[in-house]
Amino acid sequence: MIAMALANGPEMLIADEPTTALDVTIQAQILDLLADLKRDLGMSMLFITHDLTIVRKIADRVCVMKDGEIVEQGPTAELFANPQHPYTRTLLEAESTGHPAPVDPQAKVVAKAKNLKIWFPLTFGLLRRTTGYVKAVNDANFEVRAGETVGIVGESGSGKTTLALAMMRLIKSEGQIVFMGKDLQGLREGAMRPLRSDMQIVFQDPYGSLSPRMTVEQIIAEGLTVHGTAAGKNPREMVAEIMKEVGLDPTLMDRYPHEFSGGQRQRIAIARAMILRPTLVVLDEPTSALDMTVQVQIVELLRGLQTKYQLAYLFISHDLKVVRALSHKVMVMKRGDVVEAGDADAIFDAPQNEYTRELMKAAFG
């Protein structure tokens, strides 16, 4: 994409959130590349991002926008050191900090994997002979308990999402997957169906994961339509209740997704997952498309819901600051292998693997 943009030798490059979906090591490479190109080509650059760490690293001048207006602008160092506008100060103070609530030592194991392997065959020729494999996940072992978050980090293509999808039996895998005491491997769809409502997922993109043709009520109640409601429960009342719980106004349930902000859409996605009162929730990059202030709000919301309902989270993210704020344990993946795993504080404070140290350096400097 960068090569395509530079093909005609532009005077100015507009980089619109060019690192949002990238892991921290690739993000650092792209930022270094853009800085080198700007210098070598004598090119100006308009860099749009919600990540203030990147702004501090790459920008010479900063413009802060709110509701369509530039509320403050100036040299980067000066603006960061002495922000004048209240909104600028709010942005600079917005950072996911703190720790999740402690896990009860007696908490039950909600899900665990033993020797989990996911290999995708590569076929060739008319007879589709298998000539090799894409080794997405190799021999993964972990468990997550009620009220606990296991953060899964690693570069793009390391197998993070593939591992989570396998745990939900959405893709084929080898090895043992146990959910709520039941071995899921080999279960037919009919036997899996009663378990589906207990495992839910929140996706990365709050704009692409919600149908534009459905109202908010229809989106949130979709799981109730599939799995049914408890006797005597009114679906619309249940939608109103869960909307309040995630910080949305229930009177807006007849509106459509395009009428909401990115943060509100992600709250709708969370409500869709939570209305079924699951025990395991996969959070696949749920904050990466959001600005810093909204990220903080979503992290606080997820922590609150976890404490209230003792939810087990598998949290996939490349934002290590958010991972630290939400996770009790961390797994570091590289090319399908779990290269390091353990208590979150131990991983962040004293990483043992060289790749983990590279991730921490790229994220925290």
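One structure accompanies this document, and this report is about it. (Residues numbered from 1 in each chain as written. Predicted model: local features only at pLDDT ≥ 70, side-chain atom pairs only at ≥ 80, totals over all residues. Heavy atoms only, no water.)

A separate point is helix 2 (residues 24-41). With 18 residues, helix 2 should reach 26 Å at 1.5 Å per residue; the first-to-last C-alpha distance of 26 Å fits that figure. Turning to helix 2, its buried residues are Val24, Thr25, Gln27, Ala28, Ile30, Leu31, Leu34 and Leu37. The inward-facing, buried residues of helix 2 abut helix 1 (2-6), strand 1 (12-16), strand 2 (44-48), helix 3 (52-58) and helix 15 (354-364). Looking one or two places after helix 2, you find Gly42, whose phi comes out positive at around 65°. (Helix = DSSP H or I, 4+ residues; strand = E, 2+ residues; numbered from the N terminus. Expected span 1.5 Å × (residues − 1). Buried < 20%, exposed > 50% of the residue type's maximum accessible area, 1.4 Å probe, protein only. Contact = heavy atoms within 4.5 Å.)

For the structure on display, the rule yields 1 aromatic pair. Summarising the aromatic geometry, the rings of Trp119 and Tyr133 are spaced 5.5 Å apart at their centres and angled 50° between planes, so their arrangement reads as tilted. With a gap of 14 residues between them, Trp119 in strand 5 (residues 109-124) and Tyr133 in strand 6 (residues 129-145) connect regions that are remote in the sequence. We classify Trp119 as partly exposed; its relative accessible area is 31%. For the cation-ring pair, Lys66 lies above Tyr87, with the distance from its terminal atom to the ring centre recorded as 5.7 Å. The ring of Trp119 carries the charged tip of Lys117 above its face, separated from the ring centre by 4.1 Å. (Phe/Tyr/Trp six-rings, centres within 6.5 Å; stacked < 30°, edge-to-face > 60°. Lys NZ or Arg CZ within 6 Å of the ring centre and 35° of its normal.)

Now for the side chain of Asn138. Examined against the element boundaries, Asn138 turns out to sit in strand 6. Polar contacts involving the side chain of Asn138 include one to the side chain of Trp119, which spans 2.7 Å. Polar side-chain contacts of Asn138 include one of 3.1 Å to the side chain of Asp337. If we ignore the near neighbours within four places in the chain, the residues touching Asn138 are Leu116, Trp119, Arg335, Gly336 and Asp337. (Polar contact = N/O pair within 3.5 Å; in protein donor to acceptor, adjacent residues only side chain to side chain.)

Grouped together as the largest cluster of nonpolar side chains are 53 residues, with contacts concentrated most on Ile220 and Ile270. Sequence-distant contacts of Ile220, defined by excluding residues within four places in its chain, comprise Val239, Ile242, Met243, Ile268, Ala271, Arg272 and Ile275. Core analysis: the next-biggest nonpolar cluster, separate from the first, contains 34 residues, Val137, Ala146, Ala164 and Ile316 among them. (Core = buried A, V, L, I, M, F, W, Y, C linked by side-chain atoms within 4.5 Å.)

Within this structure, the stated rule accounts for 17 salt bridges. A salt bridge links Arg277 to Glu241, with the shortest nitrogen-to-oxygen separation between them at 3.9 Å. Here Arg277, found in the loop between helix 11 (262-274) and strand 11 (280-284), pairs with Glu241, found in helix 10 (residues 235-245); they are 36 residues apart in sequence, far enough to count as distant. The shortest N-O distance in the salt bridge between Lys308 and Glu245 comes to 2.8 Å. Here Lys308 is found in helix 12 (residues 292-309), whereas its partner Glu245 is found in helix 10, with 63 residues between them in sequence. (Salt bridge = Lys/Arg side-chain N within 4 Å of Asp/Glu carboxyl O.)

Looking now at unusual backbone geometry. Unlike most non-glycine residues, Glu285 shows phi in positive territory, near 55°. Mapped onto the secondary structure, Glu285 falls in the loop between strand 11 and helix 12. The backbone of Gln310 shows a phi angle near 55°, a positive value even though the residue is not glycine. Position of Gln310 among the secondary structure elements: in the loop between helix 12 and strand 12 (312-316). On the accessibility criterion, Gln310 (37% relative accessible area) is partly exposed.

Time to look at the layout of surface pockets. Space inside the largest pocket adds up to approximately 1,100 Å³. If you go around the largest pocket, you meet 40 residues; those closest to its centre are Phe47, Ile48, Thr49, His50 and Cys63. Elements that contribute at least two residues to the lining of the largest pocket include exactly strand 2, helix 3, strand 3 (61-66), strand 4 (69-75), helix 4 (76-81), helix 5 (86-93), helix 11 and helix 12. For the lining of the largest pocket, the element with the most residues is strand 3, which contributes 5 residues. Here the residues of the lining of the largest pocket are counted per class, giving 23 nonpolar, 11 polar and 6 charged. In this model, the second largest pocket occupies a volume close to 530 Å³. Lining the second largest pocket are 32 residues, and of these Val24, Gln27, Asp51, Thr53 and Ile54 sit closest to its centre. (1 Å grid on protein atoms, 1.4 Å probe; cavity = no way out; pocket = protein on both sides within 12 Å on 5 of 7 lines; lining within 4 Å. Points joined across faces, edges and corners; volume = space filled by probe spheres on them. Nonpolar A, V, L, I, M, F, W, Y, C, P; charged D, E, K, R; others polar.)

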